[in-house]
Amino acid sequence: MTQPKRYTITAALPYTNGPIHIGHLAGVYVPADIYARYLRLTGNDVAFMCGSDEHGVPITIKAKKEGVSPQDIVDKYHAIIKQSFLDFGITFDNYSRTTAKVHHDTASEFFKTLYDKGEFIEEITEQLYDAEAHQFLADRFVVGTCPKCGNEESYGDQCEVCGTSHNATDLINPKSAITGATPTLKETKHWFLPLDKHEAFLKEWILDGHKKDWKPNVYGQCKSWIDDGLRPRAVTRDLDWGIPVPVEGGEGKVLYVWFDAPIGYISATKEWAEREGKDWEPYWKDKDTKLVHFIGKDNIVFHCIIFPAMLKAEGSFILPDNVPANEFLNLEGNKLSTSKNWAVWLHEYLQEFPDQQDVLRYALTANAPETKDNDFTWKDFQARNNNELVAIFGNFINRVVVLTNKYYNGIVPTPNEFSKVDEETLATVKAYPNVIASSIERYRFREASQELINLARLGNKYLADEEPWKVIKEDEARVQTIMYITLQIASALATLSEPFLPFTSHKLKGILCFTQNNKNENDCHAELVEASHWDDISSKDTLLPTGHQITKAELLFSKIEDKEIQAQLDKLETSKKANEAANKETEPQKETIAFEDFTKLDIRVGTILEAEKMPKTKKLLVLKVDTGIDMRTIVSGIAESFTPEEVIGKQVTVLVNLAPRALRGVESQGMILMTETPEGKLVFVNPDKSNEVNNGLRIS
Ligand SMILES: [Zn+2]
């Protein structure tokens, strides 16, 4: 496409059955936001659309489990998700929701258009039916073996292991997710989108048309589906949560969530256009509009095959120019999982790292899963912050601002003659907007973020080489030039960092006294100047004019300490242990014993009166216990769970007639009864506290 007239950018609609985590941010929303911000900075007309995906089976399952309505579930998570996006500076032009009326109307109309054009196949088919629940089963209501890869826990609509999308009836050995029953087949009428009919078009459009510009992972997945042969896909469901099928015979049925969800991009655009007094249609129907879908790899089939087939069948819409799907982000070597709480939740991150949105945005971009699955580690997060944002970007800006204030009271000095190094440095700065833009336009956001840091690195190196703090003693005129140049670099960074580090960019523009709504403006004594536009950096010789006054230094980033990282690792360790505990099976019962065997055990109530650590051991405490019979020494392996102070005075149960044995030279005369939780925590088994029990009482 030659220069588009406008851009429609969509980010995958998050599914509203839980909050969002770093995987979502890294895979979809941060790259989409970088792209949208960059396009706006370069003067483009942009519609950046998203919203909550609020229909579908998982929401009804969650609602059933929690005893609330599906609407309650989506209201709750829509609010949480929307807030997270705001907090992280994701600049959607509209964040809508699929339960909105505008969406119901738009999706309904879209279906009717296709129906009227005869684009659907209407068929009475046998579908899986749960007789116990009196309900047809589709999508996530069914679990069974994937016909392609053999995964035994594949869902009815898609296998999460191999990514294949299929019909519920394709599953081997299906089971109802509601009752666990084996479903029977029952006849029902549905509408199907005949994907096979669109095969030739998809082949030509994707396999021939986008071989070079689509990412290899996206192209490869599409090719594999098309090569496997496309089949009709049902676009309606027997369900009561969703958009009612708007044609005769559709009673009690709704549109399949994957039919209505992508139409959500269109309804979000309509809602926005209405609000802004614009016309929505050019954003979806003008061939000079560039449409780009940002998604995760699990959504490729829907955005590259099914939705384009729907748009093509409708006839008046444009098709996506690109679908730069990312691979998955893992966390500390394991797959992110909502149910296992193996995640970094955005709302929790902000409580633990307040005002450090940019650090996470940056760490996720610098390590984005663009070409393969990638791992997020807290150590890498810390290193990205400390070694790149603090040591390079922050350090450069801080030195420039401090020195300008020190030498020139914050006023941009007049440069004198430029040296060869000065000329080269300024020329290199001028090249950066194009370098970064080229990476962004090819959806290489990691590369782009590294180029931004390279610009700060250039500034740092220039300062280190020119050493104004030394030169000031003998050649004041030279320092004016050096500081003038570093201020131009700082100014370029303020603009070029905006897509990646929007909060930092805003702060820096405040420090440099650019025109913006900013608390710093009060500290800017001289006149404010406008921040340079992206393209000005290449075309203008001066970004920050001589005589302009900047304000005082303010730290842009702060070092993240080891203990903050350890706290995060400990938190994950707790999740891991809880998961292991949940998976741990209860030990099977031991062999039965005779009553006489039991009566041989003499178990008494006792009280620990003294306790001290056994020297040179980690695990052992030497206890003095009042058993009611006598005062005796018992060695107990509880020192890793309790300090001596914690156990003194504790009433416990003691097996008193256990044969004495020597441990590290101390004779232990009995055993304190304990249990161990699955997390490995030791717990005393002691008499009910509400009753007074004397030492020496027998337990039987
Ligand atoms: Zn599979």
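Structure's up top.
Report follows, based on the coordinates. Not measured: the values here are computed from a predicted model. (Residues numbered from 1 in each chain as written. Predicted model: local features only at pLDDT ≥ 70, side-chain atom pairs only at ≥ 80, totals over all residues. Heavy atoms only, no water.)

Description of the overall build of the chain
And step 1. Along its length, the chain carries 21 helices and 26 strands.
And step 2. In terms of overall dimensions, the chain has a C-alpha envelope of 100 × 85 × 40 Å along the principal axes.
And step 3. Expressed as a percentage of the 700 residues in the chain, the buried residues total 54%.
And step 4. Partitioning the contacts of the chain with sequence separation of at least 6, the portion at a separation of at least 24 is 73%.
And step 5. Distance between charge centres in the chain, computed from 80 positive and 104 negative side chains, equals 3 Å. (Helix = DSSP H or I, 4+ residues; strand = E, 2+ residues; numbered from the N terminus. Buried < 20%, exposed > 50% of the residue type's maximum accessible area, 1.4 Å probe, protein only. Contact = heavy atoms within 4.5 Å. Lys, Arg positive; Asp, Glu negative; His and termini not counted. Charge placed at Lys NZ, Arg CZ, Asp CG, Glu CD.)

Concerning a nonpolar patch on the surface
And step 1. On the surface, Ile593, Phe595, Phe598 and Leu601 cluster together into a nonpolar patch covering about 420 Å² of accessible area.
And step 2. Within the secondary structure, Ile593 sits in the loop between helix H19 (562-583) and helix H20 (595-599).
And step 3. Here Ile593 falls in the exposed class, since its relative accessible area comes to 59%. (Patch = residues over 30% accessible without salt bridge, like charges linked within 9 Å, V, L, I, M, F, W, Y side chains within 5 Å. Areas by Shrake-Rupley, 256 points an atom, 1.4 Å probe, with all protein chains shown as cover. Salt bridge = Lys/Arg side-chain N within 4 Å of Asp/Glu carboxyl O.)

Digging into the sheet that holds strand E16 (residues 374-376)
Within a sheet, each strand pairs with its neighbour through backbone hydrogen bonds, oriented either parallel or antiparallel.
And step 1. Strand order in this open sheet of 3 strands is E15-E14-E16, and the pairing throughout is mixed. Taken across any chain shown, the strands that pair with only one partner, and hence form the sheet edges, are strand E15 (334-335) and E16.
And step 2. The pairing of strand E14 (residues 329-331) with E15 spans 2 bridges and is classified as antiparallel. Each bridged residue has a counterpart across the sheet, and for Leu331 the counterpart in E15 is Asn334. (Pairing = 2+ DSSP bridges.)

Description of helix H3 (residues 70-87)
And step 1. Look at H3: 26 Å from first C-alpha to last across 18 residues, which is about the 26 Å you get at 1.5 Å a residue.
And step 2. If you check which residues of H3 are buried, you get Ile73, Val74, Tyr77, His78, Ile81, Ser84 and Phe85. Buried residues along H3 cover an arc of 135° about the axis, so they all sit on one side.
And step 3. Just past H3, the residue Gly89 takes up positive phi, approximately 70°. (Expected span 1.5 Å × (residues − 1). Arc of directions from axis to C-beta.)

Thoughts on helix H17 (residues 502-511)
And step 1. The element H17 is extensively covered by neighbouring structure, given that 7 of its 10 residues are classed as buried.
And step 2. Listed as buried for H17 are Pro502, Thr504, Ser505, Leu508, Lys509, Gly510 and Ile511.
And step 3. Buried residues belonging to H17 abut helix H1 (22-41), helix H11 (357-366), helix H12 (378-408) and helix H16 (476-496).
And step 4. Among the residues trailing H17, Cys513 stands out with phi positive, at a value near 60°.

Here's the deal with the packing of H1 against helix H13 (residues 420-441)
And step 1. As a packed pair, H1 and H13 sit with axes 10 Å apart at the nearest point and diverge in direction by 130°. Judged on the interaxial angle alone, H13 and H1 are oblique. The hand of the H1/H13 crossing is left-handed. Contact residues: Ile34, Tyr35 and Tyr38 in H1; Ala437, Ile440 and Glu441 in H13.
And step 2. Its residues assigned to classes, the contact of H1 with H13 comprises 5 nonpolar, no polar and 1 charged. (Axes fitted to C-alpha atoms, helices over the stretch in contact; angles between N-to-C directions. Parallel < 35°, antiparallel > 145°, perpendicular 65-115°, else oblique. Left-handed = near helix turned anticlockwise from the far one by under 90°. Nonpolar A, V, L, I, M, F, W, Y, C, P; charged D, E, K, R; others polar.)

Some details on the nonpolar core
And step 1. With 171 residues, the main nonpolar core has Ile206, Phe259, Phe381 and Phe393 as its most contacted residues.
And step 2. Tallying contributions element by element places H1 first for this core, with 13 residues.
And step 3. Excluding its chain neighbours within four sequence positions, the residues that come into contact with Ile206 are Lys211, Trp214, Tyr219, Cys222, Ile226, Cys304 and Ile305.
And step 4. Membership of the second largest hydrophobic core comes to 16 residues, among which are Ile608, Ala611, Ile634 and Val647. (Core = buried A, V, L, I, M, F, W, Y, C linked by side-chain atoms within 4.5 Å.)

Details of the coordination of the zinc ion
And step 1. The protein atoms that coordinate the zinc ion are Cys146 (SG), Cys149 (SG), Cys159 (SG) and Cys162 (SG), at distances of 2.3 Å.
And step 2. Here the donor residues of the zinc ion share one chain and are spaced in sequence as C-x2-C-x9-C-x2-C.
And step 3. Assessed through its relative accessible area of 0%, Cys159 is described here as buried.
And step 4. Exposure remark for Cys162: the relative accessible area of 34% places this residue in the partly exposed category. (Donors = N, O, S within 2.8 Å, 3.2 Å for Na, K, Ca; no water.)

Quick look at the side chain of Arg384
And step 1. Tracing the chain through its elements places Arg384 in helix H12.
And step 2. Discounting residues that sit within four places of it in the chain, Arg384 has contacts with Tyr362, Ala363, Ala366, Asn367, Leu389 and Gln450.

Some remarks on the layout of surface pockets
And step 1. Space inside the second largest pocket adds up to approximately 410 Å³.
And step 2. Forming the walls of the second largest pocket are 16 residues, and the residues nearest its centre are Asp213, Lys215, Arg442, Tyr443 and Arg444.
And step 3. Taken together, the residues that form the lining of the second largest pocket break down as 4 nonpolar, 3 polar and 9 charged. (1 Å grid on protein atoms, 1.4 Å probe; cavity = no way out; pocket = protein on both sides within 12 Å on 5 of 7 lines; lining within 4 Å. Points joined across faces, edges and corners; volume = space filled by probe spheres on them.)

Notes on the pattern of salt bridges
And step 1. Tallied over the entire structure, the rule returns 41 salt bridges.
And step 2. Among the ionic pairs, Asp630 bridges to Arg632, the shortest N-O distance being 3.0 Å.
And step 3. The partly exposed category is assigned to Asp630, whose relative accessible area is 32%.

Topic: the side chain of Gln127
And step 1. Within the secondary structure, Gln127 sits in strand E4 (residues 121-130).
And step 2. The exposure class assigned to Gln127 is buried, which follows from its relative accessible area of 16%.

Some words on unusual backbone geometry
And step 1. The backbone phi angle of Asn173 is positive, close to 55°, even though this residue is not glycine.
And step 2. Locating Asn173 in the fold gives a position in strand E8 (residues 172-176).
And step 3. The exposure class assigned to Asn173 is exposed, which follows from its relative accessible area of 52%.
And step 4. Despite not being glycine, Lys616 shows a phi value in the positive range, around 60°.
And step 5. With a relative accessible area of 84%, Lys616 lands in the exposed category.

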